[in-house]
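Reading the structure
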Amino acid sequence: MDAEVTVDAGGTRLSGRLTVPGDATGVVVFAHGSGSSRHSPRNRYVAQVLHRAGLGTLLFDLLTAEEEVHRGNVFDIGLLAGRLAEVVAWVRAQPATEHLPVGLFGASTGAAAALRAAADPALDVAAVVCRGGRPDLTGASLGDVRAPTLLIVGGSDRLVLGLNRAAAGRLRCAHRLAIVPGASHLFEEPGALDSVAGLATDWFTGHFPAEVHREPLRDVRPY
């Protein structure tokens, strides 16, 4: 399936696009960064590569157009993580994806939201990938993440690289810091985004279970 969808996240209607290839082995929910949206060309490119590997994706807007006007919302990681948790619950309720393991792909501030959401064991996230992320904004819950986590950072993105190195030292789950040589924060250099997509694909396919026997999703905690 490939369809525009509307997700009810705690009473807020969020727009998205759900794509699920035939015989999909998992689904990845994208959390975009500040100043971006579900139309991010970088996330859409990564999603296309995941589709070819047999993975479904949901690209959606974390905030409404009205909410984006207020910059404080963009950095309200508790708000964003709560939205993400609601969206994961929605994915688990859809006939095309209810049987699939769920991974999270977060960019920039969306990475902090993904990590905070993944720290909730009730959400049962199978794997997390962060691209140019801000894991330092995750807060104390960073050490509670149990899902295998891949941190992808550009080698020339020195500030964010330092933040990710510090975060890797605080993670207690299986994790890896992958540095793309010569890449800047937006991975605009030739081949840089290909590297991101390849790393993400390998991480998700390597950590999604081959067979899934899922229990009903329990109540997730507030963020």
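Rules used throughout
- Residues numbered from 1 in each chain as written.
- Predicted model: local features only at pLDDT ≥ 70, side-chain atom pairs only at ≥ 80, totals over all residues.
- Heavy atoms only, no water.
- Helix = DSSP H or I, 4+ residues; strand = E, 2+ residues; numbered from the N terminus.
- Buried < 20%, exposed > 50% of the residue type's maximum accessible area, 1.4 Å probe, protein only.
- Polar contact = N/O pair within 3.5 Å; in protein donor to acceptor, adjacent residues only side chain to side chain.
- Contact = heavy atoms within 4.5 Å.
- Axes fitted to C-alpha atoms, helices over the stretch in contact; angles between N-to-C directions.
- Left-handed = near helix turned anticlockwise from the far one by under 90°.
- Nonpolar A, V, L, I, M, F, W, Y, C, P; charged D, E, K, R; others polar.
- Expected span 1.5 Å × (residues − 1).
- Parallel < 35°, antiparallel > 145°, perpendicular 65-115°, else oblique.
- pLDDT = per-residue confidence, 0-100.
- Pairing = 2+ DSSP bridges.
- 1 Å grid on protein atoms, 1.4 Å probe; cavity = no way out; pocket = protein on both sides within 12 Å on 5 of 7 lines; lining within 4 Å.
- Points joined across faces, edges and corners; volume = space filled by probe spheres on them.
- Salt bridge = Lys/Arg side-chain N within 4 Å of Asp/Glu carboxyl O.

Points about the side chain of Asn43
Along the chain, Asn43 falls in helix 1 (residues 41-52). Overall, Asn43 belongs to the buried group, its relative accessible area being 2%. Of the polar contacts made by the side chain of Asn43, one reaches the side chain of Arg131; its length is 3.2 Å. Beyond its immediate sequence surroundings of up to four residues, Asn43 is in contact with Phe30, His32, Leu59, Phe105, Ala107 and Arg131.

Focus: the packing of helix 4 (residues 77-92) against helix 5 (residues 109-118)
Where helix 4 meets helix 5, the axes come as close as 8 Å, and the angle between the chain directions of the two elements is 65°. Crossing of helix 4 against helix 5: the hand is right-handed. Taken together, the residues of helix 5 that come into contact with helix 4 (itself represented by Ile77, Gly78, Leu80, Ala81 and Leu84) are Thr109, Ala112, Ala113, Ala114, Arg116 and Ala117. When grouped by side-chain class, the residues that make up the contact of helix 4 with helix 5 number 8 nonpolar, 2 polar and 1 charged.

Some details on helix 7 (residues 192-207)
An ideal rise of 1.5 Å per residue puts 22 Å on 16 residues; helix 7 measures up with 23 Å between its terminal C-alpha atoms. Of the residues making up helix 7, those classed as buried are Ala192, Leu193, Val196, Ala197, Leu199, Ala200, Thr201, Trp203 and Phe204. Along its buried surface, helix 7 packs onto strand 3 (27-31), helix 1, strand 5 (102-107), strand 6 (127-131), strand 7 (149-154) and strand 8 (175-180).

A short note on the packing of helix 1 against helix 7
Helix 7 packs onto helix 1 with a crossing angle of 45° between their chain directions and a minimal axis gap of 9 Å. By the angle class used here, helix 1 and helix 7 are oblique. Relative to helix 7, the crossing made by helix 1 is right-handed. Of helix 7, the residues touching helix 1 (which contributes Arg42, Tyr45, Val46, Val49 and Leu50) are Leu193, Asp194, Val196, Ala197, Ala200, Thr201 and Phe204.

Comments concerning the confidence of the model for the protein
Scored by pLDDT, the protein has a mean of 89; 92% of the residues are at 70 or more. This stretch, residues 213-220, has a pLDDT under 50; its non-local contacts, to residues over four places away or in other chains, come to 17 contacts.

A closer look at the sheet that holds strand 7
Pairing in this open sheet of 8 strands is mixed, and the strands run 1-2-4-3-5-6-7-8 from one edge to the other. A strand with exactly one partner marks an edge of an open sheet, and here the two such strands are strand 1 (2-9) and strand 8. Geometrically, the sheet is characterised by an average inter-axis angle of 20° between neighbouring strands, direction not taken into account. Of the pairings in the sheet, the one linking strand 5 to strand 6 comprises 5 bridges and is parallel in character.

Quick look at the layout of surface pockets
Here the largest pocket defines a volume of roughly 230 Å³. Lining the largest pocket are Asp2, Glu4, Arg17, Thr19, Arg38, His39, Arg44, Ala47, Gln48, His51, Thr57 and Leu59. Taken together, the elements giving at least two residues each to the lining of the largest pocket come down to strand 1, strand 2 (12-19), helix 1 and strand 4 (56-60). Here the lining of the largest pocket gets 4 residues from one element, more than from any other, and that element is helix 1. Of the residues belonging to the lining of the largest pocket, the class tally is 2 nonpolar, 5 polar and 5 charged.

So, the pattern of salt bridges
Under the definition given, this model contains 5 salt bridges. Residue Glu4 is joined to Arg17 by a salt bridge in which the shortest nitrogen-to-oxygen separation is 2.4 Å. Taken together, the positions of Glu4 in strand 1 and Arg17 in strand 2 put the pair 13 residues apart, joining distant regions of the chain. By relative accessible area, which is 49% here, Glu4 ends up partly exposed. The partner of Arg134 in a salt bridge is Asp136, with the nearest N and O atoms 2.6 Å apart.

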